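Inside the fold
So you can see what is in the structure, the chains are spelled out below.
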Amino acid sequence: MLDISQATHMLTSLGVSSTLAAKAAERTAQQHGDADPLTFLKELQSTLAELSAQPATAGDTAAGATATQQSTKPYQSTAERYTEKSGTDTAAGASTSTTTAKAPFNNLQEFRAWEQGLGDTFAEDYKVPDYVRMISMSLSGGDQEAVGRYMFFKNNPEFAADYAAIRSGQLSKFPTDGSTLVKSDLSQMPAETAAFYKSQPPATLLAAEGFNMDPTMAKMRTDGKVEVPQGVNPSEWLMSNKWTADGVVAQDNRQVFAQASYIGLDGKGAGTYRLTTYDAATNSIIGPDGAAYDPATGEARA
């Protein structure tokens, strides 16, 4: 059985409001808690569509658009979406130059003041940017997650400017369909499977990743091309194995996805998000520049 918290987190990472995600996950778990993961996922999508069709509450609308409201623009590569083109935005909303962008704060105290001064007005047709989905847990973490937010926006100043803009009623200039959040390498999949995921909204691939399933195995299971071994829990099997050209091999998909980079649907997006890591041995945050920072203040260590 897949727990409610896992399903809720997966939905919020796809841009569903936390309130709506919790409702959909709880209802699906109550009605289909013993289903195998792919059946559970289908029922979860159905429940989400049903709840999304109902009149929204204030809590649902405040957090932004749901997965069913995501952009339906033609696919455009991650590299294209995040590369400046002659100083103008692309059709999908490319970033402005990241080399000249500068964060509107210099330390954690200034960041707190900047964050507190942000507006609370969102456009009626607002769609959740990919970078907001990625740091959604930090954004909802309150003061205890302030250092994490500070480090992210400091290392990605173009997103800081965009975030301030969307909090004042503007639309994001960055992708909102989840295409930049893909971690699976489609070039390593069978051609038919890769073509399928490219033809679908990115949420289809992200859902498989969100449940720690190898996307190729998930597709093969749906198509009836692979069978779960007798007496084995289907959920555990899909989460602990991967497809290869030489056959199914063991793999801890949860750990692999946790450590994998966001390469985007085209596989060219590594480095799109300049992220930090935590070094438990030194109790330090390691920045994308390799420098160590204090986890309490975000200041560089001597």
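Below you will find a few notes about this structure. Computed from a prediction, not measured in an experiment: that's the story for all the values here. Note that residues are indexed from 1 along each chain, following the sequence as it is written. For this predicted model, a pLDDT threshold of at least 70 governs which residues receive local features, and a threshold of 80 or more governs which side-chain atom pairs are given and counted, while totals over whole chains, interfaces and linings are taken from all residues. As a convention, hydrogens and water are excluded, and side-chain values are obtained from all of the structure's heavy atoms.

Focus on the overall build of the protein
Definition in use: Secondary structure elements are taken from DSSP: a helix is a run of H or I of four residues or more, a strand is a run of E of two residues or more, and numbering for both begins at the N terminus. Partly exposed describes any residue whose relative accessible area lies between the buried limit of under 20% and the exposed limit of over 50%, with all areas from a 1.4 Å probe on protein chains only and scaled to the type maximum. By the convention used here, residues are in contact when the closest approach between their heavy atoms is within 4.5 Å. For the accessible areas, the method is Shrake-Rupley and the probe is 1.4 Å, while residue cover comes only from the protein chains on display.
Assigned secondary structure in the protein consists of 15 helices and 5 strands. Of all 302 residues assigned to the protein, the portion counted as buried reaches 45%. Sequence-distant contacts, at least 24 apart, represent 64% of the contacts inside the protein between residues at least 6 apart. Taken as a whole, the protein presents about 14900 Å² of accessible surface, with 50% of it coming from carbon and sulfur.

Let's talk about the side chain of Thr-272
Note that Thr-272 resides in the loop between helix H15 (253-259) and strand S3 (277-279). For Thr-272, a relative accessible area of 11% gives the class buried.

Considering the nonpolar core
For clarity, the threshold we go by: What makes a nonpolar core is a set of buried Ala, Val, Leu, Ile, Met, Phe, Trp, Tyr and Cys residues whose side-chain atoms join them at distances within 4.5 Å.
Core analysis: the largest hydrophobic core is formed by 56 residues, its most contacted members being Trp-114, Tyr-131, Phe-153 and Tyr-163. In this structure Phe-153 touches Ala-103, Phe-105, Phe-111, Trp-114, Tyr-131, Ile-135, Phe-159, Ala-160 and Tyr-163, once residues within four positions along its chain are discounted.

Observations regarding the pairing of strand S2 (residues 247-250)
To be explicit about the condition: At least two DSSP bridges between two strands are needed for those strands to be called paired.
As defined by bridge partners, strand S1 (residues 241-244) adjoins S2 across 4 bridges and the pair is classed as antiparallel. Considered in S2, the bridge of Thr-244 is made with Gly-247. Here S1 folds back onto S2 in antiparallel fashion, the turn holding 2 residues.

With respect to the packing of aromatic side chains
Filter applied, for reference: Aromatic pairing here means that ring centres of Phe, Tyr or Trp (its six-membered ring) are within 6.5 Å. Orientation follows from the plane angle: under 30 degrees is stacked, over 60 is edge-to-face, and everything else is tilted.
Per the counting criterion, the structure on display carries 16 aromatic pairs. Measuring from ring centre to ring centre gives 4.6 Å for Tyr-131 and Phe-159, while their planes differ by 20 degrees; the resulting arrangement is stacked. Linking Tyr-131 in helix H7 (residues 130-134) with Phe-159 in helix H10 (residues 157-166), this pair joins segments that are 28 residues apart in sequence. Judged by its relative accessible area of 0%, Tyr-131 falls in the buried class. With a relative accessible area of 0%, Phe-159 lands in the buried category. When the centroid spacing of 5.8 Å and the interplanar angle of 80 degrees are considered together, the rings of Tyr-262 and Tyr-273 count as edge-to-face. On the criterion of sequence distance, the pair formed by Tyr-262 in the loop between H15 and S3 and Tyr-273 in the loop between H15 and S3 is long-range, its members being 11 residues apart. The class for Tyr-273 is buried, based on a relative accessible area of 7%. Aromatic rings pair up to connect Phe-105, Phe-111, Trp-114, Tyr-131, Tyr-150, Phe-152, Phe-153, Phe-159, Tyr-163, Phe-174, Tyr-262 and Tyr-273 into one cluster.

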